[in-house]
Amino acid sequence: MNKDSIKVMMVDDEPLIRKVVKMEMNGRNAQVESGDIDGSVMRRVEMVNTFSDGPSLLAALEGGEQPDYLLVDMEIQAEPTGGLMVTRKVHDRYPDIKIIIFSGRFDNPLKDELQQSQDSRAERVREIGRVVMEALRIGASAFVSKNAARGFSVENILRAIACLERGELYYFNYPVMLTLKEAAENYFAMVEEFDHNFAINDTEKQLLLLEAAGCTAAEMSDRLGESDKAIQERQKDLSRRLGIVNKSAARVAKAISLGLILPSDVRFLPRQ
């Protein structure tokens, strides 16, 4: 049996959480299988140090402490996504450290939560989905809920480490998966509401691009070779077909969301 341990560090601004995680993890003498099927070994998981904030962690890393895994609380010092900054800095400087986001913010918003409207709940689900995707983009490998399995347990952390040690790229425990599933379902339901068969002709596309560039009605009239009145009628017709108020900003935003025009196609006119 390989006696080398898997070293873990943790960043959380709650002293009690840091104490409990370290005490329970080290008290278990837990081991996980590390490596592939041709050369796996059992290694003990050891919490070697904990920190209350990002600067103290980074100072330790710069001083030579190099863990295999880093647990990062998402909410640090009252900043809801403060853990993302820590994640980005650690991954940029120490890409070999695997980062596990450890937070209650990713729990699935239950349908029977009191005093929560459906709209606010849907927005919370979308916000969680955005945060998870951003965390993945900047270097996180796993997401563990603090409140999984009817209360806090390091078992959830050990499962994440075990999966990553087997070579899996990502790990999400059940409460996080529930929220991501709902966020994805909401996204695809929203996409289905769009009319993907909605079509515009070349003149309408040019009108939208000119509106996006901030052109005046006179400039659009001159460039499209149509009267001011004809341009206004085109704008009204587009707004009616898009199902929005008759405003340039609304037309441009809806056209971009439907892929009718691309921001990269907009060419701004120099002002005199």
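Novice: Would you mind showing me how to read the pattern of salt bridges here?
Specialist: Close approach of charged atoms allows side chains of opposite charge to pair. Across all of its chains, the model carries 13 salt bridges by this definition. The shortest N-O distance in the salt bridge between Glu134 and Arg88 comes to 3.3 Å. Placement of Glu134 in helix H4 (residues 118–138) and of Arg88 in helix H3 (residues 82–93) is noted, with a sequence separation of 46 residues between them. Overall, Arg88 belongs to the partly exposed group, its relative accessible area being 32%. For Glu168, the salt bridge goes to Arg166, with nearest N and O atoms at 3.2 Å. On the basis of relative accessible area, Glu168 is assigned to the partly exposed category, the value being 37%. Where salt bridges share partners, they join Glu204, Asp237, Arg240 and Arg241 into one cluster.

Novice: It is not clear to me how the confidence of the model for the protein chain should be interpreted in this structure. Could you clarify?
Specialist: Caution applies to low-pLDDT parts of the model: their predicted coordinates are not meant to be read in detail. Of all residues in the protein chain, 84% have pLDDT values of 70 or greater, and the mean over the chain is 83. Ranking the elements of the protein chain by mean pLDDT puts helix H6 (residues 174–193) last, at 70, and strand S4 (residues 69–72) first, at 96.

Novice: Explain the sheet that holds strand S2 (residues 31–34) to me, please; I cannot follow it from the model alone.
Specialist: One key point about sheets: their strands pair by backbone hydrogen bonds, in either a parallel or an antiparallel sense. Spatially, 7 strands are ordered S2-S3-S1-S4-S5-S6-S7 in an open sheet, and the strand pairing comes out mixed. The open sheet has two free edges, formed respectively by S2 and strand S7 (171–172), since each of these has just one partner strand. Contacting strand S1 (6–11), strand S3 (41–51) and S4, helix H2 (residues 54–62) runs over the sheet at an angle of about 150° to S1.

Novice: Would you explain unusual backbone geometry in this entry?
Specialist: Glycine aside, a negative phi is what most residues show, and trans is what most peptide bonds show. In this structure, Asn29 takes a positive phi of about 55° despite not being glycine. Counting through the fold element by element, Asn29 comes out in the loop between helix H1 (15–28) and S2. On the basis of relative accessibility, which here comes to 46%, the residue Asn29 falls in the partly exposed class.

Novice: Hey, could you run me through the environment of Tyr170 in this one?
Specialist: Along the polypeptide, Tyr170 turns up in the loop between helix H5 (155–165) and S7. For Tyr170 and Ala142, which are 28 residues apart along the polypeptide, the C-alpha to C-alpha distance reads 5.4 Å. In this structure, Tyr170 is in contact with Leu136, Ala140, Ser141 and Leu164, ignoring residues within four places of it in sequence.

Novice: So what exactly am I meant to see when it comes to the layout of surface pockets here?
Specialist: Empty pockets left among the atoms are what a rolling probe the size of a water molecule brings to light. Computed from the structure, the second largest pocket encloses a volume of approximately 180 Å³. Taken together, 13 residues form the lining of the second largest pocket, with His91, Lys98, Gly139, Ala140 and Ser141 sitting closest to its centre. Taken together, the residues of the lining of the second largest pocket break down into 7 nonpolar, 3 polar and 3 charged.

Novice: Would you take a moment to explain the environment of Ile101 for this structure?
Specialist: In this fold, Ile101 is placed in strand S5 (residues 98–103). Residue classification places Ile101 among the buried residues on the basis of a relative accessible area of 0%.

Novice: Even after reading the chapter, I still don't get helix H10 (residues 248–257), so can you show me in this structure?
Specialist: Residues that lie three or four places apart on an α-helix share one face, since the helix turns once every 3.6 residues. Where H10 is concerned, the buried positions are Arg251, Val252 and Ala255. The buried residues of H10 all sit within an arc of 95° when viewed along its axis, so they share a single face. Lining the buried residues of H10 we find helix H7 (202–212) and helix H9 (228–242). Once H10 ends, the next one or two residues include Gly259, with phi positive near 75°.

Novice: How should the packing of aromatic side chains be read in this particular structure?
Specialist: The description of an aromatic ring pair rests on the distance of the ring centres and on the angle between the ring planes. Considering all chains together, one arrives at 1 aromatic pair under this definition. Here the aromatic rings of Phe143 and Phe172 are separated by 5.3 Å at their centres, their planes lie at 0°, and the arrangement is stacked. One end of the pair, Phe143, is in strand S6 (residues 140–145); the other, Phe172, is in strand S7, with 29 residues separating them in the sequence.

Novice: Help me understand the pairing of S5, please; the structure alone is not making it clear to me.
Specialist: Two faces make up the sheet, and in a regular strand the side chains alternate between them. Extensive coverage of S5 is indicated by the burial of 5 of its 6 residues. Bridge analysis of S4 against S5 gives 4 bridges, and the strand direction is parallel. Considered in S5, the bridge of Tyr69 is made with Lys98.

The rules behind the values
- Residues numbered from 1 in each chain as written.
- Predicted model: local features only at pLDDT ≥ 70, side-chain atom pairs only at ≥ 80, totals over all residues.
- Heavy atoms only, no water.
- Salt bridge = Lys/Arg side-chain N within 4 Å of Asp/Glu carboxyl O.
- Helix = DSSP H or I, 4+ residues; strand = E, 2+ residues; numbered from the N terminus.
- Buried < 20%, exposed > 50% of the residue type's maximum accessible area, 1.4 Å probe, protein only.
- pLDDT = per-residue confidence, 0-100.
- Pairing = 2+ DSSP bridges.
- Contact = heavy atoms within 4.5 Å.
- Axes fitted to C-alpha atoms, helices over the stretch in contact; angles between N-to-C directions.
- 1 Å grid on protein atoms, 1.4 Å probe; cavity = no way out; pocket = protein on both sides within 12 Å on 5 of 7 lines; lining within 4 Å.
- Points joined across faces, edges and corners; volume = space filled by probe spheres on them.
- Nonpolar A, V, L, I, M, F, W, Y, C, P; charged D, E, K, R; others polar.
- Arc of directions from axis to C-beta.
- Phe/Tyr/Trp six-rings, centres within 6.5 Å; stacked < 30°, edge-to-face > 60°.

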